[in-house]
Structure formats: structure tokens, C-alpha cells
Amino acid sequence: MNPIAFSLAAMSAAVPNQSGVLAAHFENILGTSLDVKILANSFELAEKAEAKVLSEFRRLQAILGSGENHEFGKWQQSKGEAISVSSELHTVLGLFDTWSEATKGALNAASDEIRINGFSAKVNQAQWELGDATATRLSDAELRLHTFTKGYIMEQVADAVMAAAGVRGIMLNVGGDILSKGDLHEAVRVSDPLSDAENGSSLSTVSIQNQAIATSGTSRRGAHILDPRTGELASGSISATVIHPDAVTAGALATAFNVLSVDESKALAVEYPGTEYLIVDNSGELVMSENWSGQSVSADSPIEMVHVKDKLWTAGQELLINVELANLGGGARRPYVAIWIEDEQHKAVRRLALWYRKPRWLPDLRSFSDAQRETPIDLMSIASATRSAGNYSLIWDGKNDQGEYVVQGNYTVYIEAAREHGSYQLMKQTMKFDGKAKSQALAGNEEVSGASLVYKTK
């Protein structure tokens, strides 16, 4: 079984699947998760392209990673000597020079120096000098190729795959940064930075083709973006989402917009034609470019549809379901996973997530298959700040699959997982939902190393 992520969040309209698309999901790629969609003339060609995706990610990680066995990591150990470097490393170092100048120092590969050793004058000094296929290390500051490097890798991988015969389109989603090329249109939900769950609320929906969308902000990992000019935490905005034909530009601008003021971000965007942005400023207000192509998401409540005497859930209550998948090493395929809610009569009232690739293997999720009903599947990707690999959060808002609030009372949360050549696991926990906050930890297993349920008021 090869997994693909399908969220069953309650969207107003499901996005139809595109025939001929191979889709898969992997963990621990560039320190996060990787979703892939490939459109090819045959399934065999799509599978070859999928293998190319993984090999290219691994090749580029070996060049641009900071580990002692990576090319960049080894080069960091040198000083004052012109070292021959790969074209990829030379290009990325040059891009940091370009973007540091364009953002007046807001982007800087020496941000890790601040995290590890504190802020000093050497953070903003010249860190290297580039020659003809060489790079000379000029300082001993801690360096990391972050921000737009992910976009650079995505562009390189996508171009390599699109060069293969019979491949018509590709989508890469690396921890919430998304690139679509060729004939693939990708529907994307822009995550609300104040609602961190996979199926949480969205700020907007967009459709991209031959474009990238990148989001940077304080959600997922909390406040972590530093202003290298001052050594302080960035305070330009809460979140910034950027759409651009080039993934490097989208990633660089999204990060810079968190450091720069909103007015500085607007001025910078003008310098890069084709840029669309959606910024959440520090007061929580949305600031959109005039050409923002996204559609707003309705927040209308269906509570008027429910007329029962029993006490209902309200919009002020929610259940947060945290799931941590077992770490099986870099590039491991995610198992098939289903997460849903059943009432006291063992009737499925809400399906929250279904992660799979081929419907023919869904019966391996035995309990879910017994409980499933027909319901639209939301195929949208989610643009968000980067998550840690294997960690997922889902929200149950107290509604059933029809969008109606359910009666308060006892419900059971099911988390089912099955892996090819692996194990089958079923976790379930009954909780009383009566408006009183409570939490419950669930013991882990071979596929899901841990889970927790947190029932609270907003």
C-alpha cells in the first residue's frame, strides 16, 4: 500500500479527482512530510517518476543539508580556503547573497548563529566569497540553508521529473509549501495561523498551476523566525502566504514578509511581477495584494438546521486530536490511516481523515470499512507553515458529516492504521463531551507512536 492524504474536513464542495494521477505521501523528507501527485501517460511512467522524486530529494539533501556527511556541512568546517563546490551549492549560496541584498538583510543564512551562540556582529558580516565553481568560508558563524532552499529543491526535483518522457504534470507539497507544474491544477486551502489542525479553519482557497505557494509564520512551530539584523524574534506579521511562478521567490518573500513591516513587504512585492500575497498582520487583520486570486471561506454555522431538545455542541467547543506516526526513517511511506467519531450506538457520525492511495486496499482498514458511509472527499492541499515530520493535529468541531451539531454525550474516537508488510493497529477512546474540559493520552503502537485527545472551550 502506498498512502495518499485525503482529508474529510467539511468543505462546502469536494474537489474532483483528476484521472491518471499517482499520489503518495512520505515522512522525514527535508525534516517534514512530502505529498506528491504525478500525472503521466501511464501508471508505470508515473511510478518511475515517483522514484525519481525520491532520488532527487535525497541527492539534493545530501548536498545542501547541514549534517557532517552533507556537502554543505563539510564545507562549513573549512575557513579561508577556496573549495570546489557543486553547482547546486554554488547556486544556493549565490541566492542567499541576492536575497540578503534584496531584503536589506532580512534573509541571512547565519540565523542559526543567533539561536546557538547569540547575536553578535559576525551574524551580518560576509560569510563566504564565491569564485568560479568555488566557495571560500570567511567566518565561523553557524550557517543553515533555510527559507527558500526548500523552494530551490522543489524546483530542481520538479524539473527533473517533468523532463521524463510521458510525464504531464507534478505537484509537490513539502510541509505546506506547494509547487504545481505542467497540466496539474492544484486546489489549495490557506491555513489559518490561529487554527493549527490539519482540518482547521482556512483563510482562503486558491488554485495554482505552474506556480508555487509558500507560507511562513508562527503557527506549527511557534515563534521561530529571527530578524538577523537585530537578533530579535521577527515581528513583521503573524503569517505570510505568497504565490509566485517560482518556488524560490515564493519561499523567500514569505519568510521576508514575517521580518519586514507590512509596508516594506508591499514595496518588496512590487519588485517581483506575478507575486500574490495574503498577510496576517500582528493585529490579526488580513492584508491582500490587489491581484490575490483566492476565494474567501464561508464561516456560516449550520446550527439553524438542528431542532432538538437535547443539549447540543456549540461553536465554543472543540476536540483536538493529536497523532504522532512512528518514525521509520527518512522517506518512509505513511501507513493507511483512518480517524473518525462514533456515537453510543456505534454509528459513525463524523469522518475526520482518511489517508490512502488505492481504494482497493481500503478493506485493510477493517473497522473503518465497516463504519464508512458515502460522503464527499476534500482533495485540497493545505498551504501552511512547516510541520514536524509525522506530527498531525485534527479538530472535531462537534458536527456530523452533514454539518449539523450533534447532541452532547459519549462518543468514541477511532484511530486505525495499516501498513503494507507492517502491522495493523486500532486505537479507540470513549469520552464524555458535556462542555467540561478534559484530556486523555492514548498508548502508542508500532504504527502510531502516540496520540492525545484534548476537549476544550475556545
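Keep in mind that this is a model prediction, so the values were computed, not measured.

## Some points on the packing of helix α6 (residues 247–259) against helix α7 (residues 262–270)
Item 1. In contact at an axis separation of 8 Å, α6 and α7 are set at 155° when each is read in the N-to-C sense. Taken together, the axes of α6 and α7 are roughly antiparallel relative to one another. The element α6 and its partner α7 pack so that their crossing is right-handed. Contacts between α6 and α7 involve Leu253, Ala256 and Phe257 from the former and Ser265, Leu268 and Ala269 from the latter.

## Digging into the packing of aromatic side chains
Item 1. Counted under the stated rule, the structure contains 15 aromatic pairs.
Item 2. Seen in terms of ring centroids, Phe96 and Trp128 are 6.4 Å apart; in terms of plane orientation they differ by 85°. Their pairing is edge-to-face. Taken together, the positions of Phe96 in helix α3 (residues 87–102) and Trp128 in strand β5 (residues 128–130) put the pair 32 residues apart, joining distant regions of the chain. Assigned by exposure class, Phe96 and Trp128 land together as buried.
Item 3. Consider the rings of Phe433 and Tyr455, whose centres lie 4.9 Å apart with planes at 85°: the pair is edge-to-face. With Phe433 in strand β22 (residues 424–433) and Tyr455 in strand β24 (residues 448–457), this residue pair connects regions lying 22 residues apart in the sequence.

## Overview of the pattern of salt bridges
Item 1. Scanning all chains against the criterion turns up 17 salt bridges.
Item 2. Linked by salt bridges that have partners in common, Lys52, Glu56, Arg59 and Glu88 make up one network.

## Points about the pairing of strand β17 (residues 336–342)
Item 1. Burial of β17 is extensive: seven of the seven residues sit out of reach of the surface.
Item 2. With seven bridges connecting them, β17 and strand β21 (residues 409–418) associate as antiparallel partners. The residue bridging Ala338 from the neighbouring strand is Glu416, located in β21.
Item 3. The pairing of β17 with strand β18 (residues 348–355) spans six bridges and is antiparallel. In the sheet register, Ile341 faces β18, and the bridge partner there is Arg350.

## A closer look at the nonpolar core
Item 1. By size, the foremost hydrophobic cluster in this structure holds 68 residues, and its most contacted members are Leu34, Val53, Phe57, Leu172 and Phe257.
Item 2. With nine residues, the top contributor of residues to this core is α6.
Item 3. Filtering out sequence-adjacent residues up to four positions away, Phe257 remains in contact with Gly236, Ser237, Ala240, Val242, Ser265, Leu268, Ala269, Tyr277 and Ile279.
Item 4. Counting 29 residues, the second-largest nonpolar core is a separate cluster that includes Tyr392, Tyr411, Val448 and Ala451.

## Quick notes on the sheet that holds β5
Item 1. Strand order in this open sheet of three strands is β4-β6-β5, and the pairing throughout is antiparallel. The sheet is open, and its two edges are formed by β4 (82–84) and β5, each paired on a single side. This sheet shows a mean twist of 30° between the axes of neighbouring strands, independent of strand direction.
Item 2. Two strands pair when backbone bridges link them, and β4 and strand β6 (residues 134–137) are joined in this way by three bridges, in the antiparallel orientation. Within β6, the residue paired with Ala82 across the bridge is Thr136.

## Examining the environment of Pro228
Item 1. By the element assignment, Pro228 lies in the loop between β11 (211–217) and β12 (239–244).
Item 2. Note on Pro228: relative accessible area 0%, which makes it buried.
Item 3. With 105 residues separating them along the chain, Pro228 and Val123 place their C-alpha atoms 7.0 Å apart.
Item 4. What Pro228 contacts, discounting residues up to four positions off in sequence, is Gly105, Ala106, Leu107, Asn108, Ser111, Ile114, Phe119, Val123 and Asn124.

Definitions and limits used
- Residues numbered from 1 in each chain as written.
- Predicted model: local features only at pLDDT ≥ 70, side-chain atom pairs only at ≥ 80, totals over all residues.
- Heavy atoms only, no water.
- Axes fitted to C-alpha atoms, helices over the stretch in contact; angles between N-to-C directions.
- Helix = DSSP H or I, 4+ residues; strand = E, 2+ residues; numbered from the N terminus.
- Parallel < 35°, antiparallel > 145°, perpendicular 65-115°, else oblique.
- Left-handed = near helix turned anticlockwise from the far one by under 90°.
- Contact = heavy atoms within 4.5 Å.
- Phe/Tyr/Trp six-rings, centres within 6.5 Å; stacked < 30°, edge-to-face > 60°.
- Buried < 20%, exposed > 50% of the residue type's maximum accessible area, 1.4 Å probe, protein only.
- Salt bridge = Lys/Arg side-chain N within 4 Å of Asp/Glu carboxyl O.
- Pairing = 2+ DSSP bridges.
- Core = buried A, V, L, I, M, F, W, Y, C linked by side-chain atoms within 4.5 Å.

Treat this as a map of the structure, not an account of what it does.
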